Each structure stands twice: as structure tokens, then as C-alpha cells.
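Chains, contacts and geometry: an overview
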Amino acid sequence: MNKTQLVEKIAEKAGITKKAADDALKAFEAVVIETLAEGGDVSLVGFGSFEVCERKEREGRNPKTNEIVKIEARRVPKFRPGKSMKDALN
């Protein structure tokens, strides 16, 4: 499912226009990104949690040249599914 299809489904389920559903989805994305950038977590009970994890600096290898390269430390987003989501899939 792509973003357009997701917006259509949200509009259908919520009984709102596609424009309103698109605005709501964009607002949700913005709030999650902003919260994670500030170092916070977003928890939606039953659905899941968004959090930021720290990756340490490490060495990697360029597959073409076999040369060792340094991979910088970075912060990456992580999603953990909630119990309701896990139960629905199994």
C-alpha cells in the first residue's frame, strides 16, 4: 500500500474527505518526526512505539574495493509493534 492508497482508506474509514485525511496523515508524520528529533518517544498503545536508537561508530568495507571505511555514529528511528498489532498478524 502506498501513501495515496493509505489516504483513501483513512478517508473511507473515518468518513472524511481525502484532503482532510491527507492533512491528518501529514500532521501525524510531522509530529512524530519532530518528537523523535527532540529526543522523545511516541507511544500508541496497542499499535506500537517510535523511538530513537544510537548507533556507534564502526568499520565497514567497500564491496568494490575491499577498502575499510569508517561509518560515523548516528541516530536512527526504530518502530516496535504493539501487542494488538502482533496479535492481528498471527
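Higher on the page you've got the structure.
Attention here is on the structure that accompanies the text. (Residues numbered from 1 in each chain as written. Predicted model: local features only at pLDDT ≥ 70, side-chain atom pairs only at ≥ 80, totals over all residues. Heavy atoms only, no water.)

1. Quick word on the pairing of strand S2 (residues 48–55)
The side chains of a regular strand alternate between both faces of the sheet. Here is the rule: Strands qualify as paired when DSSP identifies two bridges or more between them. Helix numbers and strand numbers start at the N terminus; a helix is a DSSP run of H or I with at least 4 residues, a strand a run of E with at least 2.
One ladder, built from three bridges, connects strand S1 (residues 42–44) with S2; its direction is antiparallel. By the bridge assignment for S2, valine 42 is matched with phenylalanine 50. Linking S1 to S2, which pair antiparallel, is a turn of three residues; within it glycine 46 sits at a positive phi near 90 degrees. Judged from the eight bridges that link them, S2 and strand S5 (residues 74–81) form a sheet pairing that is antiparallel. When the bridges of S5 are listed, glycine 48 appears paired with proline 81.

2. Remarks on the sheet that holds S1
Strand pairing in a sheet takes place through backbone hydrogen bonds and is either antiparallel or parallel in direction. Under the convention used in this document: Lines fitted to C-alpha atoms define the axes here, with helix axes fitted over just the stretch in contact, and angles between the N-to-C directions of these axes take values from 0 to 180 degrees. Residue contacts are defined here by distance: any two heavy atoms, one from each residue, within 4.5 Å place the two residues in contact.
Strand order in the open sheet formed by three strands is S1-S2-S5, with antiparallel pairing between adjacent strands. One side of each edge strand has no neighbouring strand; the edge strands of this open sheet are S1 and S5. Going from strand to strand, the sheet's axes swing by 30 degrees on average, the running direction of each strand aside. Helix H2 (residues 18–37) contacts S1, S2 and S5 of the sheet and is inclined by roughly 40 degrees relative to S2.

3. Structural notes on the packing of aromatic side chains
Formally: Two aromatic rings from Phe, Tyr or Trp, using only the six-membered ring of Trp, form a pair when their centres are within 6.5 Å; if the ring planes differ by under 30 degrees the pair is stacked, by over 60 it is edge-to-face, and anything between is tilted. In this scheme, a residue with accessible area under 20% of its type's maximum is buried, one over 50% is exposed, and one in between is partly exposed, where area comes from a 1.4 Å probe on protein chains only.
Scanning the model with the defined rule gives three aromatic pairs in all. Ring geometry for phenylalanine 28 and phenylalanine 50: centres 6.3 Å apart, planes at 65 degrees, overall edge-to-face. Of the two residues, phenylalanine 28 sits in helix H2 while phenylalanine 50 sits in strand S2, which places them 22 residues apart along the sequence. Among the residues examined, phenylalanine 50 registers a relative accessible area of 18% and is labelled buried. Note on phenylalanine 47 and phenylalanine 79: the rings are 5.6 Å apart at their centroids and 55 degrees apart in plane angle, and the pair reads as tilted. Of the two residues, phenylalanine 47 is situated in the loop between S1 and S2 and phenylalanine 79 in strand S5; the sequence distance between them amounts to 32 residues. Residue class for phenylalanine 79 comes out partly exposed when judged on its relative accessible area of 32%. Site record: aromatic cluster; members linked through ring pairs are Phe28, Phe47, Phe50 and Phe79.

Remember, this is a structural readout, not a statement about activity or role.
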